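Descriptive structure summary
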Amino acid sequence: MSARAYVSRTPYDREILGLAAAALGSLAAEPLYVLVDTAIVGHLGRAELAALGVAGIVLPGLFALFNFLAYATTSQVARAAGAGHRETADRLGAQAFWLSLGIGVLLASFLAVFADPVVEAMGADGRTAELAAEYVRIASIGLPFAFLALGGQGYLRGVGDLKTPLYILLAANAVNVVLEVLFVYGFDWGLAGSAWGTAVAQIGMGAAFVAVQVRLGRELFRPRLELARRLLRIGRHIFVRTTALYSSFVVAGAVIARFGDASIAAHQIAFQLWVFLALVLDAIASAGQVIVGRMLGAGDEEGAYAASARMIGLSVLVGAVFAGVMIALIDLLPRAFTGDSAVLDEARDIWPIFALMQPLNGAVFALDGILIGAGDGRYLMWSMLVSGAASVSVALIALQLDWGIVGVWFALLVLICVRLATLGARFTRRRWLVTGWA
């Protein structure tokens, strides 16, 4: 796509940018929690920051693994609405609520019991492992409520209401900041105070989404097995796809943990910024889920393709801007999270890779959102399995040959490049353009 195509206006720009702007705050909410945690905890000490780095792999990873609760719901609700079946769209939202609640409770119970072996499996030991396990146990209290927010966001995005999730999540983040400062420094609870602040904020967030969804009414809110199965059928492919993605990140984090606390602390800073920027880019992909799902539901194949091509161009452009900003801030931004010279040196080594991945991320996340909106989960699954295998292989080689944190970040670059190649091929062949509700 030419540079001129990036900047010239198209009939889809207003809706794409409107949906993306509204989605931006919602998508950035979870990484904002972790970024706030990192900035506050980073000044407590290296062990605390390293422990948060381990917990930052486990907890956000669970949200990533089960993001089909939002993504599958958005695509199916949008497709039903586009096909003129609004009541079915509302019933799908109710089923997403029940699925989110059940999965959230099961996962919270698991972490409360098995926090110690989970963090040890991440490569942590000693005081770092103790602190990380304590953080995970406390934070798990808010997990079911955070999962309710996932399902609620999926439904509201699917019906085109992106403002309500934005308001709820902005309020939850504001509460999180206040509580973390109060608990960590005011009450001197240390890392545990950070976990309690996040848990309380997530409880309030989940309750707010419940209050919005129950307005559907008792009849529409009843469990519907056939619709729940439809979400699970779509979601299973997204789940496997996300598991492969998360496995790549887990292996990367576990390998880096074996290079020492300075490496895992530097990885925590760069990786959480990477996730934050990725989800900012994913705002355009969220617009893709809504627009593509609705257009294909309504039978508009050509419109879906043209709008998708525009979204890819815009996302690459935004990624290029991010790359420039990150390169410019290479000596400044890491200092907002730590003053440890060893951590800063490690962060500087990986910063160019982190920054220059951003335009590639833009293309990949846009393509991902488009194919999710189209319900093309099976291809997404196989594409990610291939990409994840390539990335994990390079990360393990980095461990064996002692390439350090730079070698592991090169493995993450391989992940993005293989994804771009496979998803780009699928997009250009147009096999994902399947219309109608059924």
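Residues numbered from 1 in each chain as written. Predicted model: local features only at pLDDT ≥ 70, side-chain atom pairs only at ≥ 80, totals over all residues. Heavy atoms only, no water.

Turning our attention to the packing of aromatic side chains. Across all of its chains, the model carries 18 aromatic pairs by this definition. Ring geometry for F68 and F239: centres 6.2 Å apart, planes at 85 degrees, overall edge-to-face. Residue F68 is located in helix α4 (residues 68-82), and its partner F239 is located in helix α11 (residues 225-257); the two are separated by 171 residues in the primary sequence. Among the residues examined, F239 registers a relative accessible area of 28% and is labelled partly exposed. With centroids separated by 4.9 Å and ring planes inclined at 80 degrees, the aromatic side chains of F97 and W98 adopt a geometry described as edge-to-face. (Phe/Tyr/Trp six-rings, centres within 6.5 Å; stacked < 30°, edge-to-face > 60°. Helix = DSSP H or I, 4+ residues; strand = E, 2+ residues; numbered from the N terminus. Buried < 20%, exposed > 50% of the residue type's maximum accessible area, 1.4 Å probe, protein only.)

Another aspect to go through is the side chain of S263. If you trace the backbone, S263 turns up in helix α12 (residues 261-297). Within the structure, the side chain of S263 is placed 3.2 Å from the side chain of E346, a separation counted as a polar contact. Filtering out sequence-adjacent residues up to four positions away, S263 remains in contact with I256, E346 and I405. (Polar contact = N/O pair within 3.5 Å; in protein donor to acceptor, adjacent residues only side chain to side chain. Contact = heavy atoms within 4.5 Å.)

Running from N to C, α12 and helix α15 (residues 358-373) cross one another at 30 degrees; their axes reach a closest spacing of 7 Å. α12 and α15 meet at a crossing whose hand is right-handed. The segment α12 lies against α15, with W274, L277, A278, L281, D282, A285, G288, Q289, V292 and G293 engaging Q358, N361, G362, F365, A366, G369, I370, I372 and G373. A class-by-class count of the residues in the contact of α12 with α15 yields 10 nonpolar, 8 polar and 1 charged. (Axes fitted to C-alpha atoms, helices over the stretch in contact; angles between N-to-C directions. Left-handed = near helix turned anticlockwise from the far one by under 90°. Nonpolar A, V, L, I, M, F, W, Y, C, P; charged D, E, K, R; others polar.)

Of note, Q272 is situated in helix α12. For Q272, a relative accessible area of 2% gives the class buried. Considering only alpha carbons, one finds Q272 and G93, 179 residues apart in sequence, at a separation of 30 Å.

This part takes up a positive patch on the surface. A surface patch of like charges, here positive, comprises R229, R233, R236 and R378. With 3 residues, the single largest contributor to the positive patch is α11. (Patch = residues over 30% accessible without salt bridge, like charges linked within 9 Å, V, L, I, M, F, W, Y side chains within 5 Å. Areas by Shrake-Rupley, 256 points an atom, 1.4 Å probe, with all protein chains shown as cover. Salt bridge = Lys/Arg side-chain N within 4 Å of Asp/Glu carboxyl O. Lys, Arg positive; Asp, Glu negative; His and termini not counted. Charge placed at Lys NZ, Arg CZ, Asp CG, Glu CD.)

On the surface, I141, L182, F187, W189, W196, V200 and I203 cluster together into a nonpolar patch covering about 590 Å² of accessible area. Here the nonpolar patch gets 3 residues from one element, more than from any other, and that element is helix α9 (residues 191-213). On the basis of relative accessible area, W196 is assigned to the partly exposed category, the value being 33%.

Turning our eyes to something else, we now look at the nonpolar core. The biggest cluster of nonpolar side chains holds 148 residues, and the ones touching the most others in it are F147, W274, W409 and W432. The element contributing the most residues to this core is α12, with 21 residues. Sequence-distant contacts of W432, that is, excluding residues within four places in its chain, are made with V292, L296, A304, Y305, S308, I370, L371, A374, D376, R426 and F427. (Core = buried A, V, L, I, M, F, W, Y, C linked by side-chain atoms within 4.5 Å.)

Relative to the 21 Å expected for 15 residues at 1.5 Å per residue, α4 spans 20 Å between its end C-alpha atoms, a close match to the ideal helical length. Among the 15 residues in α4, 13 count as buried, and that is most of the element. Among the residues trailing α4, G84 stands out with phi positive, at a value near 85 degrees. (Expected span 1.5 Å × (residues − 1).)

Moving on: the packing of helix α3 (residues 46-65) against α11. Contact geometry for α3 and α11: axes closest at 9 Å, N-to-C directions at 165 degrees. The angle between α3 and α11 falls in the class roughly antiparallel. Viewed along their axes, α3 and α11 form a crossing whose handedness is right-handed. Here I57, V58, G61, A64 and L65 of α3 lie close against α11, whose contacting residues are F239, T242, T243, Y246, V250 and G253. In terms of residue class, the contact of α3 with α11 is built from 7 nonpolar, 4 polar and no charged. (Parallel < 35°, antiparallel > 145°, perpendicular 65-115°, else oblique.)

Here the focus is the environment of A51. Here A51 lies in helix α3. Since its relative accessible area comes to 0%, A51 is described here as buried. Measuring from C-alpha to C-alpha, the distance between A51 and D261 comes to 9.1 Å, with 210 residues separating the pair along the chain. Dropping the residues within four chain positions of it, A51 is found in contact with T128, L131, A132 and L191.

The phi dihedral of D188 falls on the positive side, at around 60 degrees, and the residue is not glycine. You can see D188 is positioned in the loop between α8 (163-186) and α9. Of note, the phi angle at R430 is positive, near 65 degrees, even though the residue is not glycine. Along the chain, the position of R430 falls in the segment after α17 (404-429).

Let's shift gears to the pattern of salt bridges. Within this structure, the stated rule accounts for 9 salt bridges. With its nearest N and O atoms 2.8 Å apart, the salt bridge here joins D331 to R348. Of this pair, D331 sits in the loop between α13 (301-328) and α14 (341-356) while R348 is found in helix α14, placing the two residues 17 residues apart along the sequence. Given a relative accessible area of 48%, D331 falls into the partly exposed group. The partly exposed category is assigned to R348, whose relative accessible area is 42%.

Within the secondary structure, V36 is located in helix α2 (residues 13-41). We classify V36 as buried; its relative accessible area is 17%. The residues touching V36, leaving out its near neighbours within four places in the chain, are N176, V177 and E180.

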